[in-house]
Structure formats: structure tokens, C-alpha cells
Amino acid sequence: MQAGRSTPSRRTGEVATVPRSRPSDRLRSAEEGGLSEAHRVEAVDVQSANQPARAKRLRSLSTALTIADLKARARRRVPKMFFDYADSGAWTEGTYRANEADFAAIKLRQRVLVDMTGRSLQSEMIGERVAMPVAIAPTGMTGMQHADGEMLGARAAEAFGVPFTLSTMSICSIEDVASVTKRPFWFQLYVMRDRDFVRNLIGRAKAAGCSALVLTLDLQILGQRHKDLRNGLSAPPKWTPKHAWQVATRPLWAMEMLGTKRRSFGNIVGHAKNVSDLSSLSSWTAEQFDPKLSWDDVAWIKREWGGKLILKGILDSEDARAAADTGADAIIVSNHGGRQLDGARSSISMLPRIVDAVGDRIEVHLDGGIRSGQDVLKALALGAKGTYIGRPFLYGLGAGGQDGVTRALEIIRTELDVTMALCGRRDVRDIDRSILDEG
Ligand SMILES: Cc1cc2nc3c(=O)[nH]c(=O)nc-3n(C[C@H](O)[C@H](O)[C@H](O)COP(=O)(O)O)c2cc1C
């Protein structure tokens, strides 16, 4: 991993519906642009400085034993439109459900009288040491699940020793996250038609010391998510009576959101040509995702970035072979958490054939449907070198900010460790198909 980085002073922010701006939004946006770096770091610190409240939150979080527990708490804390944004898939949500259900169908072999002492979960993803082979997946609008969500998530991941991936469509900017972390994080790139903007974004990720670029290939056109359309999702929320009610019934969320200035897309506003406020952002995003993205563009981005490259959104053996031909460092077997092509197979069901297709030409990672450490172990058994969590991270964040993300990681770590031991294994790097009961 890279040791240090420079933190640029300039700041600037998966969308379903982009916001329509009103004059007051524009005013807020202008205020955000005026914030100094010092103020921004302070806004995050205020949350952790409130010690009695934090002690209470930690006690309460310690009673959450599963990711489902965190999900239930997030549902109670996060306004419906943003909770639904996380807990949704495209169209019938069949692929979203299959991602989880197919993990549950995989059975493990119970082994006994095996020495279980000295177990290790440490591993490597793209050559970086990780405390366990689980990274935080890039998720858009994370700063709407909890104020300053990306900064808090990155801090929790850093303290835990796992990679954090920041989305292009984040609320906190690359520079915001760099300002509160020391460990290099990973940056996820959506390719826009405006290649100058893409070049600039890559430059900013380099300047911030990001140690890998995660290039998303499966969202050049947006899958239709009914919950988002019905909720009229936008960031910041619109002020219709329905939206105001959703916010008013989540007072803690609202108070924390009032304490930050980051309520828009921090990587975009102030950086993309002619996007200085929320109204111009709306039309910009609608036009900008490039539907002509090709393998030639992947080669261009690889050259432009010059560092470790991970290709995200591979679900087909032919595409996996083409991805290996690019010389990228890893692929992520993924269907975007069931948010894009509804009717596609689950990630875990496609993993074995993709691993067979690429052999050891490229490292294979997986995301989609991981809700426990057991799922992580099953993915490793079927040939993944690393995994990512999207919703478990968001539920932890919504339930309890940075401490909630830490709790999500702890839950997964404990389940991974205990399950590995009961399968008779001591080192996560030695996990293979022999731990599975394949009937
Ligand atoms: C709310 C939400 C927003 C997402 N935004 C992005 C994004 O901006 N970029 C991206 O590459 N993937 C995005 N994803 C997909 C995740 O990176 C990941 O593929 C998916 O969440 C994995 O499935 P899981 O949520 O079941 O773990 C998003 C997923 C969710 C749930």
C-alpha cells in the first residue's frame, strides 16, 4: 500500500432521481463551497466528541448481533426515501433476493476434533494486507444514510483494517475522505461523456493517494428501481409534505444532517463543467453516463490511472475473459446488488464458472448478498480472493454512524471466524471448496 499522500485543498460530491433545485438549495450549495477544510473535519469530530451519547450508542449497538438487527435499527433512524434507496433492487427485485437466497442454499461441512487454536483471518486483496477479506463497496449518496457518511465509513474501515471504496456519486468528496483518513482508500469511477471531467476525477483520486481505482462497468444506463421512483428520491430531500414528514419523524438523523454542510454530490458540484448548483447537476447526470463505454475505454482509463485497477460488474464468463485480457488487477463478480439487470443470476451462483474461465490470470472478488461472515466464507470457498459489503455497511452506518459500521464489521468478523473454526480450518487463506457439502 502507498504510505502517504498529499491532501489537495480544493473541494468540490448511484443516483436514481437527481434533485430539482429551489432557490434555498442553491443558497445552501453556495455555502458548502465556502467551507474551509478545518470546518469540514470539525463537523465529523463533533459527532464522536459527544461522549455520553456515544457511550449510549455503543451500549445499544453491542446488542445488535446480526446484520438484520442493524437493518432494523437503520429503518428506524433513516428517512424512508433513503432507507428504501439502500434496501431496493431493480423491477421485481428478483435478482436482489436471489443474491441472498443463493448464499443460504450453500451448505457447509461440519468437522470435529481439529485443532482450532491460532486462527487467522488476515489476507490480501490486490496485494494489500487486509484484516479480513472484506472491503466496503462503493455506494452512492452514502452521506444521506447518515451525515458525513462516507467520512465515517472510511474511518471505521481504516481502524478495522479493511479497504474502503468511495463512489463517484458520494456526498462527501474525495478530498473530504482524504482529510480524515491516513490509510489510502479506493476510488470507484463512473465513466462520463465529459472525458475532461473523468481525467480530472482520476487526477484528484491520484492526488488523494487512492491506492486502487474501481471501474464500474454495469451502470452506463440506470436500472429502474420502483421504490426510488415512488419515493421521489433526491439529495437533499425535496420539501413536499410527504418528504418533510419522513424527515420530521427521524429527528436524530435530521439533527446530524443540520450539523454538516455536505448534502450534495461532493465530487461533482464545482468540478464538472457548468455544474455549480443542484439544478445544473440534475441535467448533467441525466446526460453524462456514457452508454458507449467500451473495452477500448477501459484500456484508456488503465493508462490514465497507471495504478491498481479493479473492474466491477462482471457476471459473464466471456466478459470475465475479456476483463483478464485488459491486464487489470482484479474483477468483481457483481450485479450491482440486484439494482441493474433484474432477471440476471445471483453473483454467488456465477462465481464458480467465472473463476474457471479466468483461472489465475486475474484476481476474482465478489459482491452481492453477503449478510454474514458465513457468506464471506462461502464466497472464498468458491474461489473469491476477496469480498465486498454494500448494504451491511449502509445498515451499520444508518444504525449508528461510524460505530455502527464498526459493529457491522465486527459481526461479520465473528461469524467468519467461528464458522471457519467449526469447518475445521484455521487460516482464511487456505479456504477452498472442500469446506462445502456439495451433496
Ligand atoms: C444504495 C446503494 C448505492 C450504490 N451505489 C453504487 C455506486 O455509486 N457505484 C457502484 O459501483 N456501485 C454502487 N452500488 C453497488 C455496490 O457497490 C455493490 O455492488 C452492492 O451493494 C453489493 O451488494 P450488497 O448490497 O448485497 O452487498 C450501490 C449499492 C447500493 C445498495
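Residues numbered from 1 in each chain as written. Predicted model: local features only at pLDDT ≥ 70, side-chain atom pairs only at ≥ 80, totals over all residues.

Participant: Describe in detail the overall build of the chain, supporting the description with residues and values.
Facilitator: In terms of helices and strands, the chain carries 18 helices and 10 strands. Each of the 439 residues in the chain was classed as buried or not, and the buried ones make up 53%. (Helix = DSSP H or I, 4+ residues; strand = E, 2+ residues; numbered from the N terminus. Buried ≥ 20, exposed ≤ 12 C-beta atoms within 10 Å, placed from the backbone.)

Participant: For the packing of helix H15 (residues 317-325) against helix H16 (residues 347-358), give the residues involved together with the corresponding values.
Facilitator: Here H15 crosses H16 at 40 degrees, and the two axes come no closer than 9 Å. As judged from the angle between their axes, H15 and H16 are oblique. The crossing of H15 and H16 is right-handed. Every residue of H16 that contacts H15 at Ser317, Ala320, Arg321 and Ala324 is listed here: Arg353, Ile354, Ala357 and Val358. In the contact of H15 with H16, the residues fall into five nonpolar, one polar and two charged. (Axes fitted to C-alpha atoms, helices over the stretch in contact; angles between N-to-C directions. Parallel < 35°, antiparallel > 145°, perpendicular 65-115°, else oblique. Left-handed = near helix turned anticlockwise from the far one by under 90°. Contact = placed C-beta atoms within 7 Å. Nonpolar A, V, L, I, M, F, W, Y, C, P; charged D, E, K, R; others polar.)

Participant: Break down the nonpolar core for me, with residues and values.
Facilitator: With 114 residues, the main nonpolar core has Leu311, Ile331 and Val333 as its most contacted residues. The element that contributes the greatest number of residues to this core is helix H18 (residues 391-422), accounting for 12 residues. Setting aside residues no more than four positions away along its own chain, Ile331 makes contact with Leu311, Ile314, Ala320, Ala323, Ile362, Val364 and His365. (Core = buried A, V, L, I, M, F, W, Y, C linked by C-beta atoms within 7 Å.)

Participant: Tell me what's going on with the UniProt feature "active site" (unreviewed entry) in the chain, and back it up with residues and numbers.
Facilitator: Taken from the UniProt record, the annotation "active site" (unreviewed entry) applies to His336. Every residue in contact with His336, bar those within four places of it in the chain, is listed here: Asp218, Leu219 and Gly313. (UniProt positions renumbered as here; feature names shortened; annotations may be inferred.)

Participant: Break down the packing of helix H7 (residues 149-160) against H18 for me, with residues and values.
Facilitator: A pair of packed helices can be characterised by two numbers: the angle between their axes and the separation between those axes. Viewed as axis vectors pointing N to C, H7 and H18 meet at an angle of 20 degrees, and their least axial separation amounts to 8 Å. As judged from the angle between their axes, H7 and H18 are roughly parallel. Handedness of the crossing formed by H7 with H18: left-handed. Contacts between H7 and H18 involve Gly149, Leu152, Gly153, Arg155, Ala156, Ala159 and Phe160 on the former and, on the latter, Phe393, Leu397, Gly401, Gln402, Val405, Thr406 and Leu409.

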